[in-house]
Each structure stands twice: as structure tokens, then as C-alpha cells.
Amino acid sequence: MSIVLRLAWRNLWRNRRRTWLTAGAIAFSTILLVGWVPIQFGAYDIMINATLRVFPGHAQIQRPGYQDKQKIRNTINNAESLATSLRGSNPLYTGISVRAQGFVLLSSGTRSYGAQVVGVEPKHEGGTSSIPGQVKEGRYLSSIDAQEIVIGRALARNLKLKVGDEVTLLGGGKDGSVAAAILPVVGIFKSGSNDLDRFFSEIPLHTFQNIFSMGSSAHTIVIVGKSVDEQTKLISALNNAISDRSDVIVLGWEALIPGMKEAIKIDKVSGFIFLGILIAIVIFSILNTFLMSILERTREFGLMLALGSRPKRIAGLMMLESALLTMIGLVIGFVIGTALVYWAHVEGMHYPGVEELAEQFNLPDMSRIYPQMKIFNFLLGPITIFVATNIAAWIPILRIRKLEPVEAMRTI
Amino acid sequence: MKGQSLSLLTTLGWRNLWRHPRRTFVILFAIILGVWFMIISAGMMIGIVEQQLKDTIFNLTGHAQIHHKKFRDDPAIEHSMSAPSKELLAVLNSNEVKKWSSRIRLPAVVTSERESRGVTLLGIDPAREQGLSFIGKPVVAGRALESIDDKGIIIGRRMAEKLETRIGKRIVLMMQDKNNEVADRGFRIVGLYQAELEATELAYVFVGLKTAQKLLDIGNELSEISLLTDSRKDLESLVTSLRVAAPDLESMSWQELEPLVVLTMEFYEAFMIYWYFIIFAAMGIGLTNTMLMAVFERTREIGLFQALGMRPSYIVGQVLMETLILLIIGVALGNLLGWFTTDVILANGIDLSAFAKGTEQFNMSSTMMLTLRTNDLMQINILVILLGLLASLYPAIKAARYIPVEAITRT
């Protein structure tokens, strides 16, 4: 061990209590940072995945312009064969399904409500949407040409419908004709999103195509990938796959739900500002310790100067001391913080009352947040603190250069 | 402690504080920053909730509503109620109620030449909606509804885009009338309204109250009565008198109508306390450390005090008083800075319109207003001072336990 390092280490333990308190302050803020960032990013993951998994998927293939104006005429021809050719062609796709969408008036005996009706492939819809798994009463659609319908819970309540009741659909077909059908309700779902539960119904794709005179066309092909992280790869793979079809385009989730990305941006920015201020408070809080550990040793520095140490060397010693001190705090905080996050990662964090809140914000099931375990998320906080405390230590250190040995030795 | 000794302690504390001005300024700065941060974050969180609450109340909810008993569970035409009785009118027209209005509010389907959508039709009394709900003064293009038998319809700006229609065009409203027959009628769009949220614009279309009643063939019947009082608090007595005046109807305050908003508010308020503790912990450690240092370097002096007969409780008092002065200065300046930030610098709110789609996703307005409430400020100030004193108790007791002879002989 070099002499400077040994000096620094011993100096640190001349005032144990102060060292521990300072290290404690650093450890505390490290715990916060190590916990905060992964939890924040974990929450985004949940938010994005949960929202995308309910219905929109990670990407969709559509006709240009369909996203802005969802007209029934704006269809993809031979949608099912396109979807079949995509399936299995790339391991990036974990779910692909074809959908057709329209607006209808749903009527039960005495009630009528406007609703969205979606034609889906029952066999594949489970891979791209969580709705099939959220049927609370009855069952999901059985086959691609079955004459049946599943509807949202709030819609069912408004229409006074139970499983087994019949409902009338009335809307406009692709060719402008009247599209009408009577279908039995086989299932009622609760997706967690108020909007979907109030305005949504699903029927098999071929049944939809018959009712709405769509032939073999559909409106969207929904693709779900492994995770949001592989979005860029997913999009470019899809773009390659459809390069021979000039009539369709690929839209990623950012284009499908533009609000989501901005919402996350707001939260990220404000989160970082909040963290920044908190770190500033911690730094001012521990600045005094650094300041004192130098000021109270004015005499000692005077002596060292008189004995021929150059100010640079003393400053180096002080830097080393504060770096060591910071490291002690960082290591303690990092270990505790990581342990907490890991525990939360395994167990999932639960905030009471958050389900109701999530529903209000149209976020499905956010009741458990699993912090994102990624190196960057963990190191971001500690590095910030290390840099910040070392900059803070500079302020008192600069004083050393101005010290006059004789005067310094006289101070008490 | 007697008054005289208290003033002695104050003098001692004050002077001790300024022995190391630099150190005092640093910790003072940490305290000010902490208090300021608590105030700002409280202002933001409460501001968001407050905004949501105001929007909810203004978004056709009001402070209280009266419905047919089954209407809220099942908003259908057969659950309409008759025009207010004499007793109910007496309560509605009393001084307690500032404004009230009756409405038709029923689901409908609106069809343009190209598109159709499900909406909620509101039949309103335009004059009475002034100041009661957002539709009182919302029209961005065309004209507002002028009377209860206005023949026109007003739809949202973004609704017009979705329907690919515009002012002057006709759209068809389809709904169920009293006899469960489908009633439909064409309306000419006379105006477009704008609301903060797209969801609102897509949800409601407005026609005159009488026009709606005629279309539905329900005479004078209504869906709801909404009212506004002077304050959104203490509505119990009013709601009770409404219930007494109209026992066969359901009268509810906004808290009962919108339990989720109340829940959000409670969630944020509980969260604030945790947040205060986190911020305090960040500055409390520094406070303990600084006081500990101050006591430590005065070991000799404290020993001397004790040798001269000062009781340990006075030593504790001395350190606590020093902290208290520090905290009071810090809290006062923190409050001043907090007030300056929220009420002067950010008086017009934080403009988030660059993230408009994101705020929409959160049902938030695109301008974030900061709200300072007296009881939040009180909460912060009391918390900081009490916890601050608690944090300096350890150095204080430490000082009181010095053994005089040992302390004096220490260099």
C-alpha cells in the first residue's frame, strides 16, 4: 500500500463517528438511486407491455392512412395469407393475428349502444392480446367462423346482457350495404381498461368478413415481439418481410399509441429532475463534513507544508480521502439497495390502491411492479454520487493551496 | 426553564451558530433546499390532483347531482325523473346552492355522411350551464346553443374530424325513445367546442334540453340535475336536505359520484408524507453531522460550563436551541423561496404542451398548475422542525454526558 493511501485510510478513521455518518448519508442516497431508477424503468416496462398486450401489440401492418382514419373501406387484401407467410418466418415474432374492425350499434331486447366490433382469429388472438385470457364469464370465441360474440363487462351491463343472450349488430359493410346479424353472447371480458370494457366486442374473423362484406380482406395484422427492447429489430424485420407488398405499411407501438411515449418522457424528465434536487440536498448535507475534516486540520497541513509537502500532494491526499469515504458509502448503499431491488424484482412490488388508480389512467393491471434489473440502471445512481461528492470535496481542497505554513500552524 | 434562562439559551445558541458562518451557511442551504423541495413537490402533486378534481367537477359533474335511483347504475331512458318538485325546487333555489341546471344525459349514436360513433347526448339549458360546467363557454367555432329549444347541435372539434364533418353539415342522432323505439333525427352542426382532453370531445354532443325531450318524447322528464355550491367541502347538510326534499330520488355529492378522484387524492396525500421523510433524511443526516461536529469541537467549553455548575438539561437546551434557530431560519427562507417559485416564477403553471399527447394519456391538463395549501405548508414546517430537533437530540445528549474533568483536559 502506498504511503498516501495508508495516510488517507488512517485519517478517515481518526473521527469514526463522522466518517460513519457521512458514509451513511452517501449510502442512503445510493440506496435511493439504486432503487429508484430500476423501479422507474420497471414501471415503464409494465406500463408499456401491459398496455400493448391488451390490444395494440408491438407493431401493426395496415394500409397507409388507416391509423388516422379507421375507415372500413381501407383494407389489406388477402390479409390472412400475408399473416400466414409471416408466421414462423422469424423467431422475433411471438404472436401474429389478423383483425378487422368496425363500428356497430349493439342492441339487446330493450337497449342499444354504439360499440367497436373486432373480427379476430380466435386461434391466434391470444398471442397478441390479453383479452382472450380475461374472459370472466363464459368462454372465448371457439373457431374462426363460429356465430358468436364476446363483449366487455361494462357494455354487457349497460345492454343488460348475460352469457347466452342474443345481441343484434347493426352497422355499415365495406361496400356500403347494411351489415346486420344476431349473435349469441358466449363470453364477457374485463380487460382492466375502462374504455375497452365499455366499447368493445369481438367476433370471429370470417363471421366479421361475412357480415361486413369484406371478402378475404382485413384491417390490421398485429405483431407481438419478445419485448419492447427488440422493437427496432422487429420493425426492420417486418419491413423486409412486406417489401413486396407496396400497399401496406408497418407501424410500431410509438405510432399506434403516441401518448404513451410522451407520457414516459414526461415522467422520466421529471423523475430525473427530482432525483437531481435530492442529490443536491445530500451533497450540501455532506459538504460540511468534508469542509470540517479539512478546516480542523489547518494546523496539520501547515506542519506538512513546513516539512516540505507540496500543496498538490496534500490535495491529492484529501481527494483520496474523500474518494475512499464515498466508496465506503457507495458500497454499503449499493449492497443494501441491490438486495432490496432484487427482492422486489423477485417478489414484485405492490402498492395498495394502485389498481383503481391504474384503471383511471387507462393502464391495465399495474398492481405489481418488477424493477428492471439492468447494469446501466444500477450504475447510473452510484456514478452520479461519486462524481458529485468528489466535486464537492474540491471546494475545501482549493483552500489548501492558499495556506501559509507559519500562519496555518498558529491556528488552533 | 424560566424565561430568563430561555433568553440566555437563545443568545448562546445564536452566537454559537455564527462561530463558523461558513458551516452554518452550508447546512442552512441544505435545509432551505430541502424545505423548498418539499414545498415544490407538494405544490406539484397537489396541483395535479386539484386540477383533476376541478376538471372532474367542471366536466358535467358539479358538486352534487340528483338522479333517478337506478340511473347511475343503468343510464337508460326509463330511469328518467320528473321535473323537480316544489320541495326540491325550494332547496335548489336556496342560498346554499349557487347554480343548478337540469339535463338529459343518454347514450346515442351519431352518424355523419361517412362515419358513425357512440356518444353521450346531453340536452342542456345553455343559460344555466354558464359557470356550472365547461359547456357554458366552450365554443371555438360557430355559435353556442342559445336556448333550450335551439334546433342545432354542438359537437367536439376532434369529433368533427373523426366524423369528417363540419359546421353547417347535418348529422343524425339515433337513440332509444320512451317506447323503446329507435328515435332518430337530423341536426345541423352549429358550433364546435374544445375541451382539454380528446376523450371529452369525443364523448359528448350537446343539444337544447327541450329539443332532446321532444326527440325522446318524454315531456318534462330529466336525466339529472347538477348543482354547484360555494365550496366543494362540507356538502353533507346540503345533500341531506336534498334527500329529504326528494326522498324517491338519489342525491349524491361529488365524493360519492367520483370515488376514484377521492382515492387519487388520498393516495397522493399519503405518498407526500413518505416523500417528506425521504427528503428530510437527506438533509437530516447533514444536520446531525454538523451539530455533532459543533459539539465535538466545543468539548472543553462544555466541560467548563458543567464544572461551573450548568446542569446537563441546559447543555441539551443549548444545542437544541442552536438547532431550533437554524431550523427556523431555514424553514422561513425555504417557505419564502417556495412561495416565490410557485406563486411568482411558476404562477402561470408549467407548460407541458410539448408533451400534449403524453399528458392526455394520463388524463392530465397540458399546463401543470402548482397549488400551495396552507395545511401542506404547516405539515412541512412542523415536520421539518420536529424531526430536525430529533436529529440534533443525539449530539445534544452526547454533549450533556461529557464528564467535566475529562472534557476540560482534552485538547
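Cut-off values and rules
Residues numbered from 1 in each chain as written. Chains lettered and ligands numbered in written order. Predicted model: local features only at pLDDT ≥ 70, side-chain atom pairs only at ≥ 80, totals over all residues. Helix = DSSP H or I, 4+ residues; strand = E, 2+ residues; numbered from the N terminus. Rg over C-alpha atoms; globule rule 2.2 N^0.38 Å. Buried ≥ 20, exposed ≤ 12 C-beta atoms within 10 Å, placed from the backbone. Contact = placed C-beta atoms within 7 Å. Axes fitted to C-alpha atoms, helices over the stretch in contact; angles between N-to-C directions. Parallel < 35°, antiparallel > 145°, perpendicular 65-115°, else oblique. Left-handed = near helix turned anticlockwise from the far one by under 90°. Nonpolar A, V, L, I, M, F, W, Y, C, P; charged D, E, K, R; others polar. Domains from an automatic or database assignment. Pairing = 2+ DSSP bridges.

### Quick look at the overall build of chain A
Phase 1 of the analysis: Scanning chain A for helices and strands turns up 15 helices and twelve strands.
Phase 2 of the analysis: In terms of overall size, chain A is more extended than a compact globule, its C-alpha atoms giving a radius of gyration of 31 Å where 412 residues would be expected to give roughly 22 Å.
Phase 3 of the analysis: By its C-alpha atoms, chain A is 100 × 45 × 30 Å across when sized along the principal axes.
Phase 4 of the analysis: Across the 412 residues that make up chain A, the buried fraction comes to 44%.
Phase 5 of the analysis: Once local pairs closer than 6 in sequence are excluded, the contacts in chain A between residues at least 24 apart make up 80%.

### Focus: the packing of helix 2 (residues 16–54) of chain A against helix 12 (residues 311–347) of chain A
Residue and element names in this part refer to chain A.
Phase 1 of the analysis: Relative orientation of the contacting elements helix 2 and helix 12 amounts to 40 degrees, with a least axis distance of 7 Å. In terms of their interaxial angle, helix 2 and helix 12 are classed as oblique. For the element pair helix 2 and helix 12, the recorded crossing hand is right-handed.
Phase 2 of the analysis: Of the residues contributing to the contact of helix 2 with helix 12, the split by class is 16 nonpolar, nine polar and no charged.

### Observations concerning the environment of Trp 20 of chain A
Phase 1 of the analysis: On the secondary structure map, Trp 20 of chain A appears in helix 2.
Phase 2 of the analysis: The spacing of Trp 20 of chain A and Ile 328 of chain A is 308 residues in sequence and 9.0 Å in space, taken between C-alpha atoms.

### A word on the domain arrangement of chain A
Phase 1 of the analysis: We note that the domain assignment places domain 1 (3–52 + 260–410) and domain 2 (57–256) within chain A.
Phase 2 of the analysis: Taking only C-alpha atoms into account, the centre of domain 1 of chain A sits 49 Å from that of domain 2 of chain A.

### A look at the environment of Ile 281 of chain A
Phase 1 of the analysis: One can find Ile 281 of chain A in helix 10 (residues 258–295).
Phase 2 of the analysis: Through-space distance from the C-alpha of Ile 281 of chain A to that of Gly 381 of chain A is 15 Å; in sequence the pair is 100 residues apart.
Phase 3 of the analysis: Once you skip the residues sitting within four places of it in the chain, Ile 281 of chain A turns out to touch Ala 30, Leu 33, Gly 34, Phe 37, Ile 279, Ala 282 and Met 283 of chain B.

### Regarding the pairing of strand 8 (residues 204–208) of chain B
Residues and elements named next belong to chain B.
Phase 1 of the analysis: With five of five residues buried, strand 8 lies mostly within the body of the structure.
Phase 2 of the analysis: Taken together, the five bridges between strand 3 (residues 116–124) and strand 8 define a ladder with parallel strand orientation. Looking at strand 8, one finds that Thr 120 is bridged to Tyr 204.
Phase 3 of the analysis: Where strand 5 (residues 152–156) and strand 8 come together, three bridges link them in antiparallel fashion. Opposite Ile 153, over in strand 8, you have Val 207 as the bridge partner.

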